[in-house]
Amino acid sequence: MTLSRPITQAASALRDRFRDVRATSLALADPLSAEDQCIQSMPDASPTKWHLAHTTWFFETVLLQPHADGYRPFDPRFHYLFNSYYEALGPRHPRPHRGLLTRPSVDEVHAYRRHVDEAVVALLDGGVAEKDWAAVEAIVTLGLHHEQQHQELLLTDILHALSCNPLLPAYKPASGPALRLAAVPPAMRWISRPGGLVDVGHAGQDFSFDNETPRHQALLQPYAIADRLVNCGDYAQFIADGGYQRAELWLSDGWAAVQAHGWRHPAYWIAPDDPRLGLGSQQSQATGWQVFGLHGVRPMEAEAPVSQLSFYEAAAYAEWAGARLPTEFEWEAAFDAPGIAQMTGHVWQWTRSSYDPYPGFRPAPGIAAEYNGKFMVGQLVLRGGSVATPAGHARPSYRNFFPPAARWQFSGLRLAKDL
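Residues numbered from 1 in each chain as written. Predicted model: local features only at pLDDT ≥ 70, side-chain atom pairs only at ≥ 80, totals over all residues. Heavy atoms only, no water.

Undergrad: What is the right way to read the sheet that holds strand β4 (residues 223-226) from this model?
TA: Adjacent strands of a sheet pair through backbone hydrogen bonds, lying either parallel or antiparallel. Strand order in the open sheet formed by three strands is β1-β4-β12, with antiparallel pairing between adjacent strands. At either margin of the open sheet sits one strand with a lone partner, and together these are β1 (190-193) and β12 (416-418). Strand-to-strand twist across the sheet, computed as the mean angle between neighbouring axes with direction ignored, equals 25°. In this sheet, β12 lies alongside β4 in antiparallel orientation, the contact comprising three bridges. When the sheet's bridge partners are listed, I225 is paired in β12 with A416. (Pairing = 2+ DSSP bridges. Helix = DSSP H or I, 4+ residues; strand = E, 2+ residues; numbered from the N terminus. Axes fitted to C-alpha atoms, helices over the stretch in contact; angles between N-to-C directions.)

Undergrad: Help me understand the pattern of salt bridges, please; the structure alone is not making it clear to me.
TA: It is possible for side chains of opposite charge to pair when their charged atoms get near one another. Going through the model one piece at a time under the given rule, you end up with 20 salt bridges. Residues R22 and D117 are paired through a salt bridge, measuring 2.8 Å at the closest nitrogen-oxygen approach. Taken as a pair, R22 in helix α1 (residues 5-29) and D117 in helix α5 (residues 106-127) lie far apart in primary sequence, 95 residues in all. Take R22 and D117: they sit in the same class, and that class is buried. Between R22 and E147 there is a salt bridge, and its shortest N-O distance comes to 2.9 Å. Highlighted residues: R22 in helix α1 and E147 in helix α6 (residues 133-163), separated in sequence by 125 residues. The buried category is assigned to E147, whose relative accessible area is 0%. The network of salt bridges with common partners includes R22, R113, D117 and E147. (Salt bridge = Lys/Arg side-chain N within 4 Å of Asp/Glu carboxyl O. Buried < 20%, exposed > 50% of the residue type's maximum accessible area, 1.4 Å probe, protein only.)

Undergrad: I would appreciate a short explanation of helix α3 (residues 48-67) in the present structure.
TA: Side chains of residues three or four places apart in an α-helix project in the same direction, reflecting 3.6 residues per turn. Given a rise of 1.5 Å per residue, 20 residues ought to cover 28 Å, and the 28 Å separating the end C-alpha atoms of α3 matches this to within 8%. By the largest-angle criterion, E60 marks the main kink of α3, which is about 30°. Where burial is concerned, most of α3 is hidden: 17 out of the 20 residues are buried. (Expected span 1.5 Å × (residues − 1). Bend = angle between axes of the 7 residues up to and from the residue.)

Undergrad: Explanation requested: the nonpolar core in the structure shown.
TA: As a rule of thumb, nonpolar side chains are buried together in soluble globular proteins. Core analysis: the biggest nonpolar cluster contains 96 residues, and L63, L64, F82, Y235, F238 and L413 have the highest contact counts within it. No other element matches α6, which puts 12 residues into this core. Contact partners of F238, with chain neighbours within four places excluded, come to G243, Y244, L249, W250, A316, Y317 and W320. Grouped together as the second largest cluster of nonpolar side chains are 13 residues, I191, V198, A218 and M343 included. (Core = buried A, V, L, I, M, F, W, Y, C linked by side-chain atoms within 4.5 Å. Contact = heavy atoms within 4.5 Å.)

Undergrad: Looking at this model, I keep getting lost on the environment of Y371. Mind explaining?
TA: Tracing the chain through its elements places Y371 in the loop between β8 (348-354) and β9 (380-383). Accessibility expressed as a relative area gives 5% for Y371, which makes it buried. For the pair formed by Y371 and R15, sequence separation is 356 residues and the distance between their alpha carbons is 23 Å. For Y371, the residues in contact, after removing those within four places along its chain, are Y85, Y86, L142, H146, Q149 and F209.

Structure representation (structure tokens):
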């Protein structure tokens, strides 16, 4: 089989990227024990081992079985175990019970990945007919972006699991002690935006998910948006002012969640009198708020963006601050505004927009039709990208989405207000 030179070059580049992304997933799991990789701390989270297997299942099921002649599945039973929510591909192991999959072992999952990786590399190295190249390229590209999403979920899910351990173990210990900054956080500045018709949604020929399209116009009223994210120092003032005890600040469902779950601070904040701090030598003399993160328990940094907030908490803080959350279109229109900062790479930012289809939206064809569209109800849009988002994975039009009570993600907020 002879492929044209442009296709051969594209296949080579895609093969190298495939290897890089797949290696990154293993590197993220490397600090974890086999026991760590089996745990499922709540139904919304998945075990690390499952993430490693499911992303492999995607390439085996969607790419290799239809497009690699003579491919033999590693284990036919894995088709049932590691399907996530693709109804078109048949039944699956229930999501809330993924933590019961003590077998296959981590070693078997790694062997599964090697088996599939070798087959994908062989396919990209010349095992695909030229007439099928466009379809193969599209599936591999989608699969890599899908795996990057699971890399972020791997970190957020294991952080939640470790937060449930009274020892509060670090995912990966920091190289040095935390610096307790004494500086006063800078005052928030408002950036005025004129409103009017703006173009929103993905533009260009590079990759995007179907929920970012079609590009269209949205009408905005004049508004102002904060130049930075709400930080921990800001949010500590909200707590000190009784924010979690003042029903007038909260949406009805949010106030019900506060009462039902006993929320009094962001998910991973720890008060200095928390008995868990006495279990660790370095935290036993804590004198202020501590925050649990990927590097373990660290003193709260006032200038760090507040994280692990639900939409309800973000909306309550905005009400307390005399502001509101931006819509996703206001956020996107202000992405490159002069003076704006922290738009990506810190925390996902809750918006006031429900996760709805854009005008003229049509799901991607084939199996990808189940990727986004069927979740467009009962969820809120987040924009930006977090410290756990893989490099190069975020973009201005990216639409993340979660239900309003979700607070185990790296999610925070930016303020907006009407003019």
